[in-house]
2 protein chains.
Amino acid sequence: MPNNQFKKGELYSFITGKASTAIARRLQKKFNTSGLNLTIEQWSVLYHLWKQEGISQQELCNATFRDKPSITRLVDNLEKLNLVKRVPSENDRRINLIYLTRQSQKLQEESMALAEQTLNEALETVPAEKIEVCKEVLQVVYDNLK
Amino acid sequence: MPNNQFKKGELYSFITGKASTAIARRLQKKFNTSGLNLTIEQWSVLYHLWKQEGISQQELCNATFRDKPSITRLVDNLEKLNLVKRVPSENDRRINLIYLTRQSQKLQEESMALAEQTLNEALETVPAEKIEVCKEVLQVVYDNLK
DNA sequence: TTTGATTAGTTGTATAAACAACTATATGCC
DNA sequence: GGCATATAGTTGTTTATACAACTAATCAAA
């Protein structure tokens, strides 16, 4: 029994990700009250495009840890909102390259500020070294399971 | 800037809960390959009913951190699967008390074993004291935001 | 005791995720 | 070159979540 740390009450909240759900909800509310007409999931796609645009849907799948149908539909909705554009690759006609629009470029600064603000609220009172440990553990969990 | 610990790459995975998503997916796969015809969300409702049955839908909302429509529909689906039963309260006719069926009582042991197994896989190689810190941080995050 | 507010639960609508099945294009091997 | 296979993306279906609007029952206060 190498790491059997889980009494039942703790097991539940670890699996359901209560903390990350709470963070996402808080951020969504900030988006709404700031008039950003954007879901967290859409934001998470833009997030990666702000780092690098012109990547394929498959690369977005890998970056956002989603499957292909999920990305197809997120890109569908982002295109309807005029926030991204699909551009067929010239080298490989199977591939769509996803580009930002002028409109979504404008959203970056405000939405990222709200995200940072949310995390600061979430981690208020938590000392930096504990945050480090927590991030490290969550990364190991992800690596162990992916 | 009290706790501004987040460089951009880290911000993303904290918000999206990559780790808990990975855990939930792994557990879902274990359910599927074990022939447990059950979603993680349905399991999370049963989980609380195994601790105490005969509670109201509102109490399930609080326990599972979901809103009322979500619980209505989860209970709908659990009822279709013959895993729970709605029983109108005699004291307060607004309230449904939710009870387990014989069928769902049988699922407890196997599904809980799979959940523990999943967490052990997730946390393999993580020392116990780091797990403790991580759980503590996640609890504080939840309390800060709820 | 009646009326106004609160609480419990349901329904409608939009967005999203997982899985399977599908089309179209590209690649690799003979 | 031609065929098998792999890859990129789409579509269909089921389940789940969030929010708003709704019904029914209860409570509280004038």
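Heads up: the structure comes first, above all this text.
Calculation notes
- Residues numbered from 1 in each chain as written.
- Chains lettered and ligands numbered in written order.
- Predicted model: local features only at pLDDT ≥ 70, side-chain atom pairs only at ≥ 80, totals over all residues.
- Heavy atoms only, no water.
- Helix = DSSP H or I, 4+ residues; strand = E, 2+ residues; numbered from the N terminus.
- Buried < 20%, exposed > 50% of the residue type's maximum accessible area, 1.4 Å probe, protein only.
- Contact = heavy atoms within 4.5 Å.
- Areas by Shrake-Rupley, 256 points an atom, 1.4 Å probe, with all protein chains shown as cover.
- Lys, Arg positive; Asp, Glu negative; His and termini not counted.
- Charge placed at Lys NZ, Arg CZ, Asp CG, Glu CD.
- Buried area = accessible area lost by both parts, 1.4 Å probe.
- Salt bridge = Lys/Arg side-chain N within 4 Å of Asp/Glu carboxyl O.
- Pairing = 2+ DSSP bridges.
- Axes fitted to C-alpha atoms, helices over the stretch in contact; angles between N-to-C directions.
- 1 Å grid on protein atoms, 1.4 Å probe; cavity = no way out; pocket = protein on both sides within 12 Å on 5 of 7 lines; lining within 4 Å.
- Points joined across faces, edges and corners; volume = space filled by probe spheres on them.
- Nonpolar A, V, L, I, M, F, W, Y, C, P; charged D, E, K, R; others polar.
- Near = heavy atom within 4 Å.
- Polar contact = N/O pair within 3.5 Å; in protein donor to acceptor, adjacent residues only side chain to side chain.
- Expected span 1.5 Å × (residues − 1).

### Examining the overall build of chain A
The secondary structure content of chain A amounts to seven helices and three strands. In terms of overall dimensions, chain A has a C-alpha envelope of 55 × 35 × 25 Å along the principal axes. Looking at chain A residue by residue over its 146 residues, the buried ones come to 47%. The contacts in chain A between residues at least 6 apart in sequence include a share of 51% that link residues at least 24 apart. Looking at chain A as shown, the accessible area adds up to about 7,800 Å², and 47% of this sits on carbon and sulfur atoms. Within chain A, one finds 21 positive and 18 negative side-chain charges whose respective centroids are separated by 6 Å.

### Observations regarding the interface of chain B and chain A
Each partner contributes residues to the interface: chain B has 58 residues there, and chain A has 58 residues. Taking both partners together, chain B and chain A bury about 6,100 Å²; carbon and sulfur atoms supply 68% of that area. Considering only the surface of chain B that becomes buried against chain A, Tyr12(B), Ile15(B) and Leu145(B) emerge as the three largest contributors, covering 12% of it. Inspection of the region where chain B meets chain A yields two salt bridges. With a closest N to O distance of 2.7 Å, Glu136(A) and Lys130(B) form a salt bridge.

### Looking at the environment of Thr21(A)
Considering the arrangement of structural elements, one finds Thr21(A) in helix H2 (residues 18–33). It is 17 Å that separates the C-alpha atoms of Thr21(A) and Tyr142(A), two residues lying 121 residues apart in sequence. Ignoring sequence-local partners within four residues, the contact set of Thr21(A) consists of Thr16(A) and Phe65(B).

### What to know about the sheet that holds strand E2 (residues 84–88) of chain A
All names here are of chain A. Strand order in the open sheet made by the three strands is E1-E3-E2, with antiparallel pairing throughout. The open sheet has two edge strands with one neighbour each: strand E1 (55–56) and E2. Looking at chain direction, E1 and strand E3 (residues 96–100) are connected through two bridges and run antiparallel. By the bridge assignment, Ile55 is partnered in E3 with Ile98. Across the face of the sheet, helix H3 (residues 40–51) comes into contact with E1, E2 and E3 while running at roughly 90° to E3.

### Brief notes about the sheet that holds strand E3 (residues 96–100) of chain B
Residues and elements named next belong to chain B. Taking strand neighbours across the sheet as the criterion, the three strands line up as E1-E3-E2 in an open arrangement whose pairing is antiparallel. The sheet is open, and its two borders are formed by strand E1 (55–56) and strand E2 (84–88), each paired with just one other strand. This element, helix H3 (residues 40–51), spans E1, E2 and E3 of the sheet and lies at about 90° to E3.

### Section: the layout of surface pockets
By volume, the largest pocket is sized at about 1,100 Å³. When residues of the lining of the largest pocket are assigned to their parent elements, the largest contribution, seven residues, is made by H2(A). Computed from the structure, the second largest pocket encloses a volume of approximately 470 Å³. Around the second largest pocket, the lining comprises 27 residues; the ones closest to its centre are Phe14(A), Ala19(A), Leu138(A), Ala19(B) and Leu138(B). Of all the secondary structure elements, the ones that give two or more residues to the lining of the second largest pocket are helix H1 (8–16), H2 and helix H7 (128–145) of chain A together with helix H1 (8–16), helix H2 (18–33) and helix H7 (128–145) of chain B. Here the lining of the second largest pocket takes six residues from H7(B), the largest share from any one element. Its residues assigned to classes, the lining of the second largest pocket shows 12 nonpolar, eight polar and seven charged.

### With respect to the protein's contact with DNA strand C
The environment of DNA strand C is formed by 26 residues, the closest being Thr39(A), Arg25(B), Gln58(B), Lys68(B) and Arg73(B). Within 4 Å of the protein, the contacting atoms of DNA strand C are drawn from sugar and phosphate to the extent of 58%. Measuring from a phosphate oxygen of DNA strand C, one finds a side-chain N or O atom of Gln42(A) at 3.2 Å. Within the contact set of DNA strand C, a phosphate oxygen lies 2.8 Å away from a side-chain nitrogen or oxygen of Thr72(B). Elements that contribute at least two residues to the surface near DNA strand C include exactly H3 and helix H5 (68–80) of chain A together with helix H4 (57–64) and helix H5 (68–80) of chain B. In terms of residue class, the surface near DNA strand C is made up of four nonpolar, 10 polar and 12 charged.

### Here we look at H7(B)
If you check H7(B), its first and last C-alpha atoms are 26 Å apart, about what 18 residues at 1.5 Å a residue would give, namely 26 Å. The complete set of buried residues in H7(B) reads Ile131(B), Val133(B), Cys134(B), Lys135(B), Val137(B), Leu138(B), Val141(B), Tyr142(B) and Leu145(B).

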